[in-house]
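A structural walkthrough
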Amino acid sequence: MSAELPAEPLSAADRAESWYQAVASAFVPMAVEFLEDEPSPGTIVGHRLGPMRILQVKAGPQMVTRTRQLIARENAGSLILTLQQRGTSLKEQDGREASIRPGEFSITDASRVFRKRIDEDFTFTSFHFPRAELDVHERDLRALTATTFGPGEGSAALVATYLAGMAREAPVLDEAVGRRAAATALDLLALLIDDRCGRERPKGLHVAASLERVKDHIRRNLGDPDLSPSGIAEANHISLRFLHKLFQQEGTTVGAWTRAQRLDRCSRDLRRPTAEELGVAGIARRWGFVNSSHFSRAFRAAYGMTPRDWQMLGRSQG
């Protein structure tokens, strides 16, 4: 899905109405007040992963308010987690006020009154999902709305990193993988809320959170040919033994999972228009394969054909 605030000249009232409709369709109905005489063009681009909508928003200074009247007209019982990327948001809800700066995130309950003001051009990514999907106590959630979560704060850093990575990958994830990724994101968020409120999650969830953190680290470093189990363990502050156990519970090894991710990225790039320019060897190097012969053997074992044949098949099907 996508929506755009028209760039052609419109009256302030017409622009406000156009953007109001875009915001209401993507999120929930909110009153919109532009904070500039000539409203800047804005865009909303979204993807759906299971119960979660991921929305990338870019626009100019404005204030949005979720009023009691709008809630009475449409109360979907949803939550919005917003990861700020550009500009600073001033958010008010449940008697609190918080400034959300780039790299930080916050949680909003759309079933209650809130206000958000941004006095500059901004970009943020929002994750919109039903309240029922988040397994936390209601009083704990109410205690943390309009609260700033920083990227360097333990479990908050894990949530921010995972969500940012999931948003980047959302356009290429299939439905099954997308549902699983969204479920993991909600588990990590529940873990964060419980952590902030002094509650404990079952041990299995902590293991799942550790595994997702490690996987995200690997995905972000696939192009590094020196990526190794020992380096991965050190970067994630876990023992090498625990790292191997994390992947053993999924019936694989850290090396096999990393290789599969690299091959998957290579398979996608071989089907892209830029493949001829980069060449098979260049694509392999981009994703951490330094030996062309080893890459070809691994690719054939995984896909049943050589990288070149895979590329030609994709071209013929396109």
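Coordinates for the structure precede this section.
Note that the coordinates shown come from a computational prediction; the quantities given were computed from them, not determined experimentally.

Notes on unusual backbone geometry
- In this model, Asp94 sits at a positive phi of 55°, which is unusual for a non-glycine residue.
- Mapped onto the elements, Asp94 comes out in the loop between β7 (89-93) and β8 (96-100).
- Judged by relative accessible area, which is 29%, Asp94 ranks as partly exposed.
- For Ala146, which is not a glycine, the phi torsion comes out positive at approximately 50°.
- Inspection of the secondary structure assignment puts Ala146 in the loop between α3 (138-142) and α4 (155-169).

A word on the sheet that holds strand β10 (residues 114-118)
- Reading across the sheet, the 5 strands line up as β2-β5-β10-β7-β8 and stay open at both edges, with antiparallel pairing between neighbours. Because the sheet does not close on itself, it has two edges, and the strands there are β2 (31-34) and β8. Recorded for the sheet is a direction-independent mean angle of 15° between the axes of neighbouring strands.
- Of the pairings in the sheet, the one linking strand β5 (residues 62-66) to β10 comprises 5 bridges and is antiparallel in character.

Quick look at the side chain of Arg112
- As for its position among the elements, Arg112 is in the loop between β9 (105-109) and β10.
- The residues touching Arg112, leaving out its near neighbours within four places in the chain, are Arg66, Ile71, Gln93, Asp94, Glu138, Arg142 and Thr145.

How each quantity is defined
- Residue indices follow the written sequence of each chain, beginning from 1 at its first position.
- Given that the model is predicted, a residue must reach a pLDDT of at least 70 before its local features are reported, and side-chain atom pairs must reach 80 or more before they are shown or counted; all residues, however, enter totals for whole chains, interfaces and linings.
- For side-chain calculations, the full set of non-hydrogen atoms in the structure is used, while hydrogens and water are omitted.
- Under the scheme used here, helices are H or I runs from DSSP no shorter than 4 residues and strands are E runs no shorter than 2 residues, and both carry numbers assigned from the N terminus.
- Only protein chains enter the accessibility calculation, which uses a 1.4 Å probe; a residue is then buried when its area is under 20% of its type maximum, exposed when over 50%, and partly exposed in between.
- Following DSSP output, two strands are said to pair if at least two bridges run between them.
- Between N-to-C directions, angles span 0 to 180 degrees; the directions come from axes that are lines fitted to C-alpha atoms, helices contributing only their stretch in contact.
- Throughout, a contact is declared for two residues whenever any of their heavy atoms are within 4.5 Å.

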